[in-house]
Amino acid sequence: MTTTAVQAQQFADVFTRLVTNVERAVLGKDHVIRLALTCLFSGGHLLLEDFPGTGKTSLARALAASVHASHTRIQFTPDLLPSDVTGVTIFDQAKREFEFHEGPIFASVVLADEINRASPKTQSALLEVMEEGRVTVDGVPRAVPTPFIVLATQNPIEQAGTYRLPEAQLDRFLMRTSLGYPDQRATVEILAGSAVRDRTAALQPVIGGPEVLQLAQLAANVYVDGAVLEYIAHVAEATRAAPEIALGASVRGALSLVRCAKTWAASKGRHYVIPDDVKELAEPVLAHRMVLDAEAEFEGGTTGRSLQRVLSEIAPPAQRSDSV
């Protein structure tokens with residue numbers, strides 16, 4: 001059943017309350033908070049490429065507190081093992097049976113800090129759970145809590161001793177973005193409240209886990225016109241044909257863009273997607289799934305700039321008057 005205008009407005013009201021609540025802990029980052037919530041309601045995961053001390057942990061904790069969900073943090077290191085993430089089966093001599101001890105991945109909001117410092121073997125332990133919401137240990141599948149979102153971080157500057165995330169793993173992240181440093185006004189406000197070490201501790205839940213799932217279903221049922229779907233397909237195809245791009249956006253990437261555009265539209269109180277939703281989300285959803293060729297990368301090009309050029313060359317469909 002397609003989401004109605006009334007339901008879309010209800011979604012937008014709750015979304016705005018969540019943004020306001022999270023922004024009490026992560027000051028001056030309205031847009032990034034909206035992207036993180038869009039990931040949550042779209043059933044995806046977020047990759048944060050940023051410098052230390054920009055509030056990545058606070059964002060994860062504030063998000064968990066706002067939706068009354070469990071939260072864990074995994075510090076990825078070169079010696080981290082897959083079982084340190086997923087959990088391990090241990091033989092209990094008293095009971096004479098094997099017992100499974102859950103790893104930190106069994107939480108609704110998981111912060112995977114400096115994910116690129118772990119070995120590819122450990123990183124691959126996240127592939128199944130990020131795609132299917134379950135972990136298989138000793139042949140037994142075990143579901144993680146719902147809602148479920150992984151917020152992974154990596155430092156774009158300090159690359160010594162790190163492993164580049166493979167394309168297959170990058171493709172599992174619904175979006176990639178960065179928090180960046182706060183502006184002067186937000187910085188002054190943060191400094192004025194220096195006595196408060198943890199701003200997330202005072203946050204109260206806005207909604208609960210079951211409500212997140214209900215709202216996610218509303219977002220999934222937002223209407224997308226065929227012309228908008230064709231526009232997204234054209235953008236994805238154009239990234240594959242661009243001369244400076246060695247690997248363009250995948251079909252999974254195009255599907256992800258549709259999912260995110262639906263949630264983004266609902267967050268604005270609309271029960272239908274418009275081309276501007278696609279343009280706003282194209283870079284955070286698609287850029288990390290693309291790979292530049294060696295020459296373009298050597299010349300200082302980025303996938304983000306290439307994507308913006310593609311968007312400028314493809315005319316978006318005109319908004320139909322009967323959409324509203």
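Predicted, not measured: the structure shown is a model, and the values here were computed from it.

Observations regarding the side chain of Thr263
Then comes step 1: Here Thr263 is to be found in helix H11 (residues 251-267).
Then comes step 2: Once residues within four sequence positions are removed from consideration, Thr263 is found in contact with Phe11, Thr38, Phe41, Ser42 and Ala219.

Here we look at the packing of aromatic side chains
Then comes step 1: Under the criterion given, the structure shown has 5 aromatic pairs.
Then comes step 2: Arranged with centres 5.2 Å apart and planes meeting at 65 degrees, the rings of Phe11 and Phe41 form a pair that is edge-to-face. With Phe11 in helix H1 (residues 5-23) and Phe41 in helix H2 (residues 30-41), this pair connects stretches of sequence that are 30 residues apart.
Then comes step 3: The class of Phe11 is buried, set by a relative accessible area of 2%.
Then comes step 4: Through successive ring pairs, a cluster of aromatic residues spans Phe11, Phe15 and Phe41.
Then comes step 5: Over the face of the ring belonging to Phe100 we find Arg142, whose NZ or CZ atom lies 4.1 Å from the ring centre.

Section: the packing of helix H10 (residues 226-241) against helix H12 (residues 275-286)
Each pair of packed helices can be summarised by the angle the axes make with each other and by the distance between the axes.
Then comes step 1: Taken N-terminus to C-terminus, the directions of H10 and H12 make an angle of 30 degrees; their axes are 11 Å apart at the nearest point. For the pair H10 and H12, the sense of crossing is right-handed. Contacts from Val228, Tyr231, Ile232 and Val235 in H10 reach Pro275, Val278, Lys279 and Leu286 in H12.
Then comes step 2: Of the residues that constitute the contact of H10 with H12, the class distribution is 7 nonpolar, no polar and 1 charged.

Some words on the packing of H1 against H2
Then comes step 1: Orientation of H1 relative to H2, taken along the N-to-C sense of each, is 125 degrees, at an axis distance of 10 Å. Between H1 and H2, the angle falls in the class oblique. When you trace H1 past H2, the crossing you get is right-handed. Contact with H1, carried on its side by Phe11, Phe15, Thr16, Leu18, Val19, Val22 and Glu23, involves Asp30, Ile33, Arg34, Leu37, Thr38 and Phe41 of H2 and no other residues of that element.

Structural notes on the layout of surface pockets
Unoccupied space between atoms shows up once a probe the size of one water molecule is rolled over them.
Then comes step 1: Approximately 770 Å³ is the volume attributed to the largest pocket.
Then comes step 2: In terms of lining, the largest pocket is formed by 28 residues, of which the most central are Glu49, Gln154, Arg176, His288 and Thr303.
Then comes step 3: Among the secondary structure elements, those contributing two or more residues to the lining of the largest pocket are helix H7 (167-170), strand S9 (175-177), H12, strand S11 (291-292) and helix H14 (303-313).
Then comes step 4: Here the element with the most residues in the lining of the largest pocket is H14; it accounts for 3 residues.
Then comes step 5: The class makeup of the residues in the lining of the largest pocket is 9 nonpolar, 12 polar and 7 charged.
Then comes step 6: Size it by volume and the second largest pocket reaches roughly 600 Å³.

Topic: the sheet that holds strand S1 (residues 46-49)
Then comes step 1: An order of S2-S5-S8-S1-S9 is seen for the 5 strands of this open sheet, with the pairing classed as parallel. Lying at the two open borders of the sheet, with one neighbouring strand each, are strand S2 (71-75) and S9. The mean inter-strand angle of the sheet, taken between neighbouring strand axes irrespective of direction, is 20 degrees.
Then comes step 2: Sheet analysis places S2 next to strand S5 (residues 109-113), joined by 5 bridges and oriented parallel. Among the inter-strand pairings, Ile74 is bridged to a residue of S5, identified as Ala112.
Then comes step 3: Each of S1, strand S8 (149-154) and S9 is contacted by H2, which is oriented at about 165 degrees to S9, the strand it contacts most.

Side note on the environment of Ser250
Then comes step 1: Here Ser250 shows up in the loop between strand S10 (245-247) and H11.
Then comes step 2: Remark: the alpha-carbon pair of Ser250 and Arg289, spanning 39 residues in sequence, is separated by 7.3 Å.
Then comes step 3: Apart from residues no more than four positions distant in its own chain, Ser250 is found in contact with Asp171 and Arg240.
Then comes step 4: A distance of 3.4 Å separates the side chain of Ser250 from the side chain of Asp171, its partner in a polar contact.

Some points on unusual backbone geometry
Then comes step 1: Along the chain, Thr146 connects to Pro147 via a cis peptide bond; the corresponding omega equals -5 degrees.
Then comes step 2: With respect to the element layout, Pro147 can be found in the loop between strand S7 (140-143) and S8.
Then comes step 3: One non-glycine residue, Glu114, lies in positive phi territory at about 55 degrees.
Then comes step 4: In this structure, Glu114 sits in the loop between S5 and helix H5 (120-123).

What counts and what doesn't
Residues numbered from 1 in each chain as written. Predicted model: local features only at pLDDT ≥ 70, side-chain atom pairs only at ≥ 80, totals over all residues. Heavy atoms only, no water. Helix = DSSP H or I, 4+ residues; strand = E, 2+ residues; numbered from the N terminus. Contact = heavy atoms within 4.5 Å. Phe/Tyr/Trp six-rings, centres within 6.5 Å; stacked < 30°, edge-to-face > 60°. Buried < 20%, exposed > 50% of the residue type's maximum accessible area, 1.4 Å probe, protein only. Lys NZ or Arg CZ within 6 Å of the ring centre and 35° of its normal. Axes fitted to C-alpha atoms, helices over the stretch in contact; angles between N-to-C directions. Left-handed = near helix turned anticlockwise from the far one by under 90°. Nonpolar A, V, L, I, M, F, W, Y, C, P; charged D, E, K, R; others polar. Parallel < 35°, antiparallel > 145°, perpendicular 65-115°, else oblique. 1 Å grid on protein atoms, 1.4 Å probe; cavity = no way out; pocket = protein on both sides within 12 Å on 5 of 7 lines; lining within 4 Å. Points joined across faces, edges and corners; volume = space filled by probe spheres on them. Pairing = 2+ DSSP bridges. Polar contact = N/O pair within 3.5 Å; in protein donor to acceptor, adjacent residues only side chain to side chain.

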